[in-house]
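Close look at the chain arrangement
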Amino acid sequence: MHSLAALGPMHTLDALGPVRTLAALGPMHTLDAVGPVRTLADALSGCTGAAGSLQIIWLQEFYQVVRKYKPHFLAIHCQEIGGKDYETGMVHVNKFVNDILSSHEMREYNRVRIYMDQDFTAHDHFTALGSLYFLHQSIQAIHQFDFNVQSYQEVRGKEVHTTNLDSNTMIEKERFAQDFWPEFKWSRKGFIRTRWRIQDRVFDLVNIHLFHDASNLIAWKSPSTFPGNRRKALGHVLSRITDARYEKVPFLIFGDFNVRLDTQRVVETLCSTASVQTIPNEDAEDVKKVIFQERGNDHKVLLRIESKTFDYFDQDVFRHNNGKALLEFDQELTTFFNEIRELDIEFPPSYPYSEVNTEGTLYANTRCPAWCDRILMSPSANEVVIKGKYVYDLMGPSVCMGDHKPVFLYFQLTD
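Residues numbered from 1 in each chain as written. Predicted model: local features only at pLDDT ≥ 70, side-chain atom pairs only at ≥ 80, totals over all residues. Heavy atoms only, no water.

**Structural notes on the pattern of salt bridges**
- Enumeration over the complete set of coordinates arrives at 24 salt bridges.
- Put simply, Glu306 and Arg304 hold a salt bridge, and the shortest N to O gap is 2.6 Å.
- Here the salt bridges share partners, and the residues they tie into one network are Glu172, Glu174, Arg193, Arg195, Asp204, Arg240, Asp243 and Arg245. (Salt bridge = Lys/Arg side-chain N within 4 Å of Asp/Glu carboxyl O.)

Below you can see the structure in the form of structure tokens.
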């Protein structure tokens, strides 16, 4: 039996489904996927080396998951490595990688492949994505696909690749073209794909970062253009990883999909009896702020929406029962129902959390909380995952991990 763990999504051949968790089993192989790890950006950009820093907390939570599940194959997909100020934050990436490689917790992972897209000077190709793969010493043989010669190469030793990723034939990397989001001059969104073979099981692991909502005010005026931009980009990725260039195999696709709740319907539900006050900008050409107030109770403010503010008075709505009441507004991915699957979500929205160290369970008042970070898989991968034990959950639920909580998937691969 094989077990797979993932902080993020991953995929395989007919025999193997997608991998979106951290998996660990005794005398068998595991695959770990740590899904969309946007918090890595914050861990790196906030790295100071001092005890209690965000990077230290992040790694402690990560190692805790590794110790608990003991995965044999661990996949970590990161987005926005280096943080928003990547030109200065990128210097911390190498230290972060070296800390993991030299750690006591990872000593039994004797084969490693790391692909970190750090070259921000290559504007037409830069994605700020990082894909890290760790193979446990108990795996007898594992091979990685060379997309150029279309053959598998046995994985030996430890390799870290940070430059010339566009010519690296062991991955397929693409930054989304400008017409995917014409409103913005430049974006570092895209995907990185790898393919693996464990004995007779073949699967793809795809790291992805889709477009965000640029303004809460525009998102509130449903339908906005933001979901359409994301659907276009995701449709492109699914087309690329299933086209005729290579054999079709099961896949896991995990990262920051940036999918949001239907903001208009959420607001209508939360503020159904409220009065609405619209405050225009000074030029009166557009809206600066929208305030929802109770009609009685001294006009208590329930919700305030600005371009980068979503301040609702009671955050328990998003945490109660892991926010399940809000899942009905999570509809963006239904367009791809025939192409991808996802395990049941039993955890609260993964974004946007407070970045204050003492507020690990609180959301920031910047965006409507949503399940941005996901692990998706092909139908064939899903069939494999649900046959055995699996866990689909958040990492670091009670501590500060940055504005995104990493999502992980642990599952076992049975013969």
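Read on for the rest.
**Details of unusual backbone geometry**
- Cis peptide bonds are those with omega within 30 degrees of zero, and the linkage from Tyr351 to Pro352 qualifies with 0°.
- Note that Pro352 resides in the loop between helix 8 (316-319) and strand 17 (373-377).
- One non-glycine residue with positive phi stands out, namely Lys70, at about 45°.
- Assignment of secondary structure puts Lys70 in the loop between helix 2 (54-69) and strand 3 (73-78).
- Here Lys70 falls in the exposed class, since its relative accessible area comes to 52%.
- Positive phi, close to 60°, is recorded for Asn322, a residue that is not glycine.
- Looking at the element boundaries, Asn322 is found in the loop between helix 8 and strand 17.
- Note on Asn322: relative accessible area 29%, which makes it partly exposed. (Helix = DSSP H or I, 4+ residues; strand = E, 2+ residues; numbered from the N terminus. Buried < 20%, exposed > 50% of the residue type's maximum accessible area, 1.4 Å probe, protein only.)

Purely geometric stuff here, so don't read any function into it on its own.
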